[in-house]
Amino acid sequence: MEIYLDANATTPVLPQAKAAAIQAMVEDYGNPSSVHSTGLKAKALIDGVRARAQRLLDTGDGASLLFTSGATEGIQTAVLSALNSLRGNLKIDLLLYGATEHKAVPEALKHWNEVLGLRLQILAIPVDTQGRHDLAFLRQHSARAGLVCTMAANNETGVISDLDGIEAALAGSPALWLVDGVQALGKLPLRLQARRIDYAPFSGHKLYAPKGIGLLYVRAGAPFTPLMAGGGQEGSLRSGTENMSGIAALGAVLAALDDGQTLRDAATMQGFRARLGEALVEAFPGLVFNAPLDLSLPTTLNFAVPGLSSRLLQDLFDAADVRVSGGSACSAAKAAPSFVLQAMGLPDWQAAGAVRLSIGPAVDEAFIDEACARIRACGESLRRHCLSPANNFPTIGDGITRFMQDGACCYLLADSVSKSCVLIDARPEQVCRLAQALTCQAYPLLAVLSTTGEAEHAQARELLAETVPELMPNKPADALGWPLGQAAITLGAQELTRKIDGQGQVLLLGKVACATPVLAFIGLNDAESLSAWVGSETLLAPARDEAQQLALFLKNERQAEEEEAAVQQVQGAQLKAFMSYHPDALLIDVREPYEQFLSHTPELPTAQMEALPLSRMLNAMQAWLSEQPQRPLLFFCRTGNRSRQAALALTRLGHAQAWTLAGGLALLPSAARPMHQPDPALYV
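## Concerning the environment of Gly399
Along the chain, the position of Gly399 falls in strand S13 (residues 399-405). Sequence separation of Gly399 and Asn302 is 97 residues, and the distance between their C-alpha atoms is 38 Å. Those residues in contact with Gly399 that lie beyond four places of it in its chain are Leu412, Leu413, Ala414, Arg616 and Asn619.

Take a look at the structure:
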């Protein structure tokens, strides 16, 4: 069962809305511009939905309420209308918008300002740390403004704007006022008739209607320029045949708002939010909410956890089949801090680590119970895998783990028998995470090494000495971290030796007393110098890996374009057929342990499966490559990105039977979707 907690991005379609849309398509399919009975029936449907919306939004007499494709079209139409009316007005030189507005607003201002040749200055209205507009700034600049754009409630934080305060600050100003009402629909009384709001766009898919339907309120007397000209529909305000199924579905949602039973009231939603907040605080020690709850919609929580990235948290929740967002859905896929939280002046770690959880008023007690249980399970997974800010379980460290930071690679080598470890090429930004991992496994460090001699590696060594002094090496070392007077560092049955060159040191890992290393950790070395120390079958683990190759061979000189074309993919619908054709195939889950603990594996009873996170792939690559004949390997993850990286790495190294599950578990067809928990023994 999916727990969908991203209602500010979009919502499922209400059953009543789905039924209304189907009826409009199948039975009430007339064109409302037609004058025959079927067309008149369609026209009556439109008029009925519009009348209900006017009453619920309290638009008053004389105002226009037109159907659009959504809020973006409404914003474009409103901005065009306002700016077109400003042409020739020499007293106006300014356009204002809230610093936390949805990107659709400033982009529309920029676009139409340029297209109409107005050359007006566009300024962001600052917000305070609570996310509310600086009313003093607004009062200072409003006399020169032709258009002021603010939100009723913010889509990322849920912060409710002080609309009465904004209206007071606009007293005496000639500015037109656009209020983005997208997040307010069904949640806040906007009192459109009572306020001087000139334009207010709404979007149906934020409140259980399908995508592609919205509303635009235009105050009586406000200037208006149609965005689209044509057949003169919507009273010549918005041409184009009306989206009858969307309008019918929106009407069903508005009826649900009206009946007082289908959707939960504000008090109930506040109670639900409080329970979700309690579960979050319990699951994630140190969690902070990024916006004041008493000033926010009762449907929205925006939070950050010290030491945990937004990406990690989203992956964690997704593994538990809980859908959350890193901020605005329009920008969540981009790895950038939230501009909304930056505008509020919050610290960088909060802006970069923010996660948004949002619910809609159709949720019930059972849904909230399950959501809270899964949130707590996410916290349990982090504690079991040494990622929680506090109360982590002890862990057993063994083998090689790779940590990545902006293309730079750090390697932790641990041996569970001797209970000792070595760290290679640590960077200052990784120290908190590394200290956490070292503390959980509690193995003393035999050395903290650098392959390149970079200053950042020395800084990381100093920070680690401050953070985990009890685990640091107790022997004197040279500038590269190598213990003085020591020819080798023994890690159980393996040993680490080194070769010095002009650009640092090459670290060679192999069995004790074995002349040929199986792995070499390299910095900026050239092939000529390496060829004197490593064999043709020695895996090379680089200090930097922007190309995400994982490991290299000296002999591998294939072009990247050829490698990309060589990656073999299995589509989700082909999975069972693939296993029938390759019954000896090994399915390898390359997700991280904290995801594997929460999630499921494909339902393939006869398949052989192994859990090996991408960060620990170096431990198995040599065995896979040397196997004869080579066994088919099918890598899978959540979205297919990490599994593709694993398959590509093996393909580059010469493995002819490496495959990736295209699109990952997320795109498996329903018949092949995960149905059972994996064997816990796989994920130790």
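## A closer look at the nonpolar core
Generally speaking, soluble globular proteins have nonpolar side chains that are buried together. Residues Val148 and Phe202 are the most contacted members of the largest nonpolar core, which totals 48 residues. In terms of residue count, helix H7 (residues 244-259) provides more of this core than any other element does, 8 residues in total. Every residue in contact with Phe202, bar those within four places of it in the chain, is listed here: Leu57, Gly70, Ala71, Gly181, Val182, Leu185, Leu190, Leu192, Gly214, Leu215 and Tyr217. Counting 43 residues, the second largest nonpolar core, distinct from the first, contains Leu550, Val590, Trp624 and Leu625.

## Let's talk about the state of the cysteines
By definition, a disulfide links the sulfur atoms of two cysteines through a covalent bond. Under the counting rule described, the total for this entry stands at 1 disulfide. For Cys386, the disulfide goes to Cys440, at an S-S distance of 2.0 Å. Sign of the S-S torsion, about 90° for the bond between Cys386 and Cys440, identifies this disulfide as right-handed. Placement of the pair is Cys386 in the loop between helix H12 (365-384) and S13 and Cys440 in helix H13 (residues 431-441), with a sequence separation of 54 residues. Cys440 sits in the buried class, given a relative accessible area of 10%. Between Cys409, a free cysteine, and Cys410, which holds the nearest cysteine sulfur, the sulfur-to-sulfur gap is 9.0 Å. For Cys409, a relative accessible area of 1% gives the class buried.

Reading the values: the criteria
- Residues numbered from 1 in each chain as written.
- Predicted model: local features only at pLDDT ≥ 70, side-chain atom pairs only at ≥ 80, totals over all residues.
- Heavy atoms only, no water.
- Helix = DSSP H or I, 4+ residues; strand = E, 2+ residues; numbered from the N terminus.
- Contact = heavy atoms within 4.5 Å.
- Core = buried A, V, L, I, M, F, W, Y, C linked by side-chain atoms within 4.5 Å.
- Buried < 20%, exposed > 50% of the residue type's maximum accessible area, 1.4 Å probe, protein only.
- Disulfide = S-S within 2.5 Å.

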